Amino acid sequence: EGPAAARSSGDAWYGDTRRLLAEVTVPGRIPEEKYRRVVDVIEMALDDKGTATTLGDGLTWRSEQAQGKTRSTSVDVGPEGDGTVRIRIDENLEMMAGSLHGGIMWGGGFGVGMGVGMPVGMSMGLPLVSLGIVAGSLGLGYTLARTLYKRHVAKRRKIVANLVRRLVELVEPV
């Protein structure tokens, strides 16, 4: 089973969740001397660089917030105090959702519709044809953006689920 989706009101518009959450609690511990390995596993699995900080016996890793990034991820690994370790991954895909829908639907759909549809329809003296081309381009752009976004989220779900599995493998029995 993969990471849960944190549903919000706009998710239906985009076609899938804009936030992935995965949280597991497993018996055992991850000793501090393994934290470098934990960070390596996170960065390799996510194909991303970030910053790790420790607080008490826990480790928090956050992805770098660089210009043009389409997601942000945080990973928390730490003891629960009862002989278990909690692993929590939170991936925000808001930027990817907005980039795809804004770029493809509005940039491509509306841009092509207005740039091609309006001149073609108006040159024929048929303003309704112009509106039809604009509407069709928007609809096609929306459908394409939604489809691509759903594929992207499915891929990210697998990556996050794989990361959870790899982090659980680092937990040692107590």
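Residues numbered from 1 in each chain as written. Predicted model: local features only at pLDDT ≥ 70, side-chain atom pairs only at ≥ 80, totals over all residues. Heavy atoms only, no water.

Quick notes on the nonpolar core
With 32 residues, the main nonpolar core has V38, L163 and L167 as its most contacted residues. Looking at this core, the elements with two or more residues in it are β2 (19–27), α2 (35–46), β4 (58–63), β5 (72–79), β6 (84–92), α3 (94–123) and α4 (127–169). (Core = buried A, V, L, I, M, F, W, Y, C linked by side-chain atoms within 4.5 Å. Buried < 20%, exposed > 50% of the residue type's maximum accessible area, 1.4 Å probe, protein only. Helix = DSSP H or I, 4+ residues; strand = E, 2+ residues; numbered from the N terminus.)

Considerations on the environment of V24
Its place among the elements puts V24 in strand β2. The exposure class of V24 is partly exposed, given its relative accessible area of 26%. Along the sequence, V24 and V77 sit 53 residues apart, while their C-alpha atoms lie 9.9 Å from each other. Excluding residues that lie within four positions of it along the chain, V24 makes contacts with V85, R86, I87, V164 and V168. (Contact = heavy atoms within 4.5 Å.)

Examining a nonpolar patch on the surface
A cluster of nonpolar side chains, contributed by V112, V116, V120, M124, L126 and V129, occupies part of the molecular surface with about 450 Å² of accessible area. Mapped onto the fold, V116 is located in helix α3. (Patch = residues over 30% accessible without salt bridge, like charges linked within 9 Å, V, L, I, M, F, W, Y side chains within 5 Å. Areas by Shrake-Rupley, 256 points an atom, 1.4 Å probe, with all protein chains shown as cover. Salt bridge = Lys/Arg side-chain N within 4 Å of Asp/Glu carboxyl O.)

Looking at the confidence of the model for the protein chain
Per-residue confidence for the protein chain gives a mean pLDDT of 89; residues scoring 70 or more make up 94%. Element-level mean pLDDT values for the protein chain span from 60 in strand β1 (residues 4–5) up to 97 in α2. (pLDDT = per-residue confidence, 0-100.)

Digging into unusual backbone geometry
Even without being glycine, D47 reaches a positive phi, approximately 50°. The residue D47 is located in the loop between α2 and β3 (50–55) in this model.

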